Amino acid sequence: MAQVEYKDLLDAGVHFGHLTRKWDPKMAPYIFMEKNGIHIIDLNKTLASLQEASNAIKGVVRSGRKVMFVATKKQAQEIVSEEARRLKMPFVTDRWLGGMLTNFATIRKSLKKLQSLEKMLKDEATVNNLAKRERLTLTREKDKLERVLGGIADLTRLPAALFVVDVKREHIAVAEANRLGIPVFAMCDTNSNPDLVDFPIPANDDAYKSISLITLAIGKAIEEGLLERKQDKDDQRLQEEEEAKRQEDQSLIQAKAEDESKLVEGAEATGSPAAIAEEDRGE
């Protein structure tokens, strides 16, 4: 992973927390000091937490499972959706629907409805047979579903992990993940409770630069996990091909040995004293 350094965190303003009166006491271990009424996050703790989270999330992806990105705050939507699309991972950046994880069967019905609407509106013959008002209604419904569910359109099963920007804002998503035992990787500001997530990354979750830096670092770890998975599959395929070739060679050697054995047995039978005596009697 491209190592994020202390200076990078400092330049991005990752160390700026919230006002001291808005803090969550459980963030105390991650706070370095107080300055001008604002808590300053300990960037050494951020570096260590980011490294731990990156290693863990890489392992999740390497096993072939998906990580869902969740960030509905305005300054995080663009960077998170772009990174998730690049990595072909599911994401939610518009609005978290209650039950998106705990009631996934119902969400899948909505996804099927979205797919059927898209298919219908792409068919010119069907569209031409619809009244203008009805066509407009269906288009609006499709756009609404796409806005809310577009990021998880390809999701066929529950994700293996969540990456969340702002634990406080996305508390419903975090609660659902905790209920299902899905590990949560999250940016935790000084007003958040880090105990609610499995891998807290103490960082400013309001500044665009800070969100971008942490999201791209996690994205890089996921990318490395995907590459390692591809390498593992290639190695496994080569190993299987080599094993198949070795078995084929062994079969050929065995068949050749059997043929030679039969020839030797035939020669011995033809040249044996009993066979010669039999030939003499025949003469």
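Residues numbered from 1 in each chain as written. Predicted model: local features only at pLDDT ≥ 70, side-chain atom pairs only at ≥ 80, totals over all residues. Heavy atoms only, no water.

You'll find the protein entered in an unreviewed UniProt entry as Small ribosomal subunit protein uS2, with Nibrella saemangeumensis given as the organism. Annotation of the protein in UniProt includes, under Sequence similarities (unreviewed entry), the sentence "Belongs to the universal ribosomal protein uS2 family." (UniProt positions renumbered as here; feature names shortened; annotations may be inferred.)

Caption draft 1: Region of the structure containing the UniProt feature "coiled-coil region" (unreviewed entry) in the protein. Feature annotation in UniProt assigns "coiled-coil region" (unreviewed entry) to the following positions: residues 114-148. Each end of residues 114-148 is marked by a C-alpha atom, and these two atoms are 11 Å apart; helix forms 91% of the span and strand 0%. (Helix = DSSP H or I, 4+ residues; strand = E, 2+ residues; numbered from the N terminus.)

Caption draft 2: Region of the structure containing the packing of helix 4 (residues 104-122) against helix 6 (residues 132-149). Between helix 4 and helix 6, whose axes approach to 10 Å, the crossing angle comes to 135°. Relative to helix 6, helix 4 is oriented oblique. For helix 4 against helix 6, the interelement crossing comes out left-handed. Residues Ile-107, Ser-110, Leu-111, Lys-113, Leu-114, Leu-117, Glu-118, Met-120 and Leu-121 of helix 4 touch helix 6, and the partners they reach there are Leu-138, Thr-139, Glu-141, Lys-142, Leu-145, Glu-146 and Leu-149. Residues of the contact of helix 4 with helix 6, tallied by class, amount to nine nonpolar, two polar and five charged. (Axes fitted to C-alpha atoms, helices over the stretch in contact; angles between N-to-C directions. Parallel < 35°, antiparallel > 145°, perpendicular 65-115°, else oblique. Left-handed = near helix turned anticlockwise from the far one by under 90°. Contact = heavy atoms within 4.5 Å. Nonpolar A, V, L, I, M, F, W, Y, C, P; charged D, E, K, R; others polar.)

Caption draft 3: Highlighting the environment of Val-164. Its location among the elements puts Val-164 in strand 6 (residues 161-165). For Val-164, a relative accessible area of 0% puts it in the buried group. For Val-164 and Pro-90, which are 74 residues apart along the polypeptide, the C-alpha to C-alpha distance reads 12 Å. (Buried < 20%, exposed > 50% of the residue type's maximum accessible area, 1.4 Å probe, protein only.)

Caption draft 4: Looking closely at the sheet that holds strand 8 (residues 199-202). The strand order across the open sheet built from five strands is 5-4-6-7-8, with neighbouring strands paired in parallel fashion. The outermost strands of the open sheet, each flanked by one partner alone, are strand 5 (91-92) and strand 8. Relative to strand 5, strand 4 (residues 67-70) runs parallel, the two sharing two bridges. Across the sheet, the residue bridging to Val-70 is Val-92, located in strand 5. Packed on one face of the sheet, helix 2 (residues 43-62) meets strand 4, strand 6, strand 7 (184-188) and strand 8 and runs near 145° to strand 8. (Pairing = 2+ DSSP bridges.)

Caption draft 5: Layout of the nonpolar core. Counting residues in hydrophobic clusters, the biggest one holds 36 residues, and the most contacted among them are Val-67, Phe-69, Phe-163, Val-165, Ile-214, Ile-218 and Ile-222. Where this core is concerned, the elements lending two or more residues are helix 2, strand 4, helix 3 (74-87), strand 6, strand 7, strand 8 and helix 8 (208-271). Sorting elements by how many residues they give to this core places helix 8 first, with seven residues. Residues within four places of Val-67 in sequence aside, it is in contact with Ile-57, Val-60, Val-61, Met-89, Pro-90, Ala-161, Leu-162, Phe-163 and Ile-222. Counting residues in hydrophobic clusters, the runner-up holds 33 residues, among them Phe-104, Ile-107, Leu-162 and Cys-188. (Core = buried A, V, L, I, M, F, W, Y, C linked by side-chain atoms within 4.5 Å.)

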